[in-house]
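Each chain is listed here by its residues.
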Amino acid sequence: MPTRFTSIGQTLSNNFASEELFSAPKPVAVVAPSPVAQKVVELKTDGQRPDMAGRFYSPLVLNIARTEGISMSELERIPGTGMEGRVSKKDILAYIAQRAGGMKSSVATSAPRIESTMKHVDSGELAQRFPAPQFEILQMSNVIQKMAEHMVRSVQTSPHVFAIHACDFTNLVKFREANGAAFEKREGFKLTYTPFIADAITKALKEFPLVNSSIEGDKIILKKFVNLGMAVASDNGLIVPVIKNADEKNFLGLARQINDLATRTRNKKLSPSDIEGGTFTFSNYGVFGTLFGTPIIAQPQVAIMGVGAIKKQPVVVNDAIAIRSISYFTLSFDHRTIDGALGGQFLEAVIRNIENFDTKVVL
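Residues numbered from 1 in each chain as written. Predicted model: local features only at pLDDT ≥ 70, side-chain atom pairs only at ≥ 80, totals over all residues. Heavy atoms only, no water.

Right, let's get into the overall build of the chain. For the chain, the count of helices and strands is 10 helices and 18 strands. Evaluated residue by residue, the chain yields a buried proportion of 51% over its 363 residues. (Helix = DSSP H or I, 4+ residues; strand = E, 2+ residues; numbered from the N terminus. Buried < 20%, exposed > 50% of the residue type's maximum accessible area, 1.4 Å probe, protein only.)

Residues L126, F130 and F135 make up a contiguous nonpolar surface patch of roughly 250 Å² in combined accessible area. Checked against the element boundaries, F130 lands in the loop between α5 (125–129) and β7 (138–139). (Patch = residues over 30% accessible without salt bridge, like charges linked within 9 Å, V, L, I, M, F, W, Y side chains within 5 Å. Areas by Shrake-Rupley, 256 points an atom, 1.4 Å probe, with all protein chains shown as cover. Salt bridge = Lys/Arg side-chain N within 4 Å of Asp/Glu carboxyl O.)

Turning our attention to the packing of aromatic side chains. Enumeration according to the criterion identifies 9 aromatic pairs in this entry. Ring centres 5.2 Å apart and planes at 70° place the aromatic pair F130 and F135 in the edge-to-face group. Owing to a relative accessible area of 31%, F130 belongs among the partly exposed residues under this scheme. Using a relative accessible area of 42% as the deciding quantity, one classes F135 as partly exposed. (Phe/Tyr/Trp six-rings, centres within 6.5 Å; stacked < 30°, edge-to-face > 60°.)

Turning our eyes to something else, we now look at the nonpolar core. The tendency in soluble globular proteins is for nonpolar side chains to be buried side by side. Within the largest apolar cluster, 53 residues are counted, with the highest numbers of intra-cluster contacts made by F169, I201, F280, M305, F329 and F346. Those elements giving two or more residues to this core turn out to be β8 (160–168), α7 (170–187), α8 (194–207), α9 (251–266), β15 (280–284), β16 (303–307), β18 (320–334) and α10 (340–355). (Core = buried A, V, L, I, M, F, W, Y, C linked by side-chain atoms within 4.5 Å.)

Let's shift gears to the pattern of salt bridges. Inspection of every chain in the model, using the stated rule, returns 13 salt bridges. E184 is the salt-bridge partner of K190, the closest N and O atoms lying 3.2 Å from each other. Between R264 and D274 there is a salt bridge, and its shortest N-O distance comes to 2.8 Å. Within this pair, whereas R264 is found in helix α9, its partner D274 is found in the loop between α9 and β15, the two being separated by 10 residues in sequence. Residue classification places R264 among the partly exposed residues on the basis of a relative accessible area of 22%.

In this structure, T170 sits in helix α7. A residue is classified by how much of its surface remains accessible, and T170, at 5% relative accessible area, is buried. Once residues lying within four places of it in the same chain are set aside, the contact partners of T170 are R324 and S325. (Contact = heavy atoms within 4.5 Å.)

Here the focus is the confidence of the model for the chain. Per-residue confidence for the chain gives a mean pLDDT of 80, with 77% of residues at or over 70. Every residue in residues 5–53 is under pLDDT 50, and counting partners more than four places away or in other chains gives 175 contacts. This stretch, residues 103–112, has a pLDDT under 50; its non-local contacts, to residues over four places away or in other chains, come to 22 contacts. (pLDDT = per-residue confidence, 0-100.)

What follows is about the packing of α7 against α9. Geometry of a packed helix pair, given as the angle between the helix axes and the separation of the axes. Interhelical geometry of α7 versus α9 gives an angle of 70° and a closest axis separation of 13 Å. Comparing their axes, α9 and α7 come out roughly perpendicular. The segment α7 lies against α9, with F183, R186 and E187 engaging L252, A255 and R256. Class assignment of the residues belonging to the contact of α7 with α9 gives a composition of 3 nonpolar, no polar and 3 charged. (Axes fitted to C-alpha atoms, helices over the stretch in contact; angles between N-to-C directions. Parallel < 35°, antiparallel > 145°, perpendicular 65-115°, else oblique. Nonpolar A, V, L, I, M, F, W, Y, C, P; charged D, E, K, R; others polar.)

What follows is about α7. Its 18 residues place the ends of α7 24 Å apart at the C-alpha level, agreeing with the 26 Å of an ideal helix rising 1.5 Å per residue. By the largest-angle criterion, N179 marks the main kink of α7, which is about 55°. Residues T170, L172, V173, F175, R176, G180, F183 and E187 constitute the buried set of α7. Here the buried face of α7 lies against β5 (56–57), β8, α8, α9, β18 and α10. Remark: G188 follows α7 within two positions and exhibits a positive phi of approximately 90°. (Expected span 1.5 Å × (residues − 1). Bend = angle between axes of the 7 residues up to and from the residue.)

Relative to β18, strand β17 (residues 311–317) runs antiparallel, the two sharing 7 bridges. Paired with P314 across the two strands is I323, which belongs to β18. Connecting the antiparallel pair β17 and β18 is a turn made up of 2 residues, with N318 showing a positive phi of about 55°. (Pairing = 2+ DSSP bridges.)

This part is about the packing of α8 against α10. The contact between α8 and α10 brings their axes to 8 Å, and the two run at 135°. Classified by the angle their axes make, α8 and α10 are oblique. At the point where α8 passes α10, the crossing takes the right-handed sense. Judged by residue contacts, F196, I197, A200, I201, K203, A204, L205 and E207 of α8 engage F346, A349, V350, R352, N353 and I354 from α10. Split into classes, the residues belonging to the contact of α8 with α10 amount to 10 nonpolar, 1 polar and 3 charged. (Left-handed = near helix turned anticlockwise from the far one by under 90°.)

What follows covers α9. The first and last C-alpha atoms of α9 sit 23 Å apart over 16 residues, in line with the 22 Å expected at 1.5 Å per residue. Two or three places before L252, at the opening of α9, N250 has a side-chain oxygen 3.3 Å from that residue's backbone nitrogen. The positive-phi residue at the C-terminal boundary of α9 is K268, with phi of around 60°. (Polar contact = N/O pair within 3.5 Å; in protein donor to acceptor, adjacent residues only side chain to side chain.)

Structure representation (structure tokens):
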């Protein structure tokens with residue numbers, strides 16, 4: 001059983017507001033789930049970022065890709081010359097130079113970002129106030145407008161409270177490094193941290209069913225099932241499909257459905273029912289190094305959990321300094337239903353499930 005720890009610099013104030021600004025397919029801020037579309041990101045590991053398929057990228061490579069408008073799907077197809085085929089700074093700069101020079105690339109062109117697909121507004125009162133070329137005016141798409149309305153409505157409806165706890169991923173990081181290749185060979189897809197998170201949340205929701213509820217007027221509706229919303233990236237934005245009846249699935253069942261939903265999201269094969277009916281959602285904003293976030297609740301749910309970047313940090317273990325792989329979990333919850341005690345207990349249950357995960361079920 002892992003020893004609990006106190007992380008250096010672990011305490012911080014939670015009295016800050018969350019922003020909801022997007023630049024698909026890469027998020028720039030924490031976002032809560034929406035019935036229409038979501039801005040959520042995949043999990044990452046120590047100081048490097050994997051895509052949903054598990055390929056790793058350094059922060060430098062990701063920053064270059066972001067600056068140059070290279071999507072994750074495009075980045076996935078850049079041949080890497082680094083260790084284990086990883087894309088190095090030299091690789092991505094060479095690709096950028098090749099693309100800029102109009103040379104034929106073996107990598108498919110990236111999908112348009114959301115801002116590039118919106119209509120330009122070049123007339124009217126705003127155009128006079130914000131003239132080109134110093135300014136550019138874009139018309140929000142219907143999806144963005146509905147998502148914005150949903151976020152505003154959520155903040156107006158639910159008194160948001162935030163709790164942040166630290167989780168030690170060290171054992172899972174070591175397990176994944178040692179067994180990831182065998183898992184991929186057997187299952188046909190990469191082993192990511194997403195199913196571990198999903199499994200831990202699902203078990204915690206069964207332990208604390210009030211977190212898996214909704215509010216109707218002055219009534220609380222307890223859900224006897226867990227429909228777990230999760231983050232999946234797509235070329236046209238980021239969607240949160242729902243793992244239906246997650247509480248009835250074992251680890252491998254969760255991993256297989258997560259892979260299926262991720263694949264169908266990228267291939268635009270989701271049906272409307274795939275993104276409906278969530279009872280609880282988790283969001284990961286750590287792909288660009290974000291450690292803490294305060295996601296907005298997806299109505300009519302009463303809570304959402306955010307997952308920060310997994311990074312090696314010095315922590316105190318048994319009165320000694322040790323290097324551990326740490327992530328910070330944020331629970332945003334509706335204070336009408338969940339108080340600080342319940343929110344903290346739920347987060348600790350999720351963390352306990354991860355830190356004491358029985359890896360035999362994966363093998």
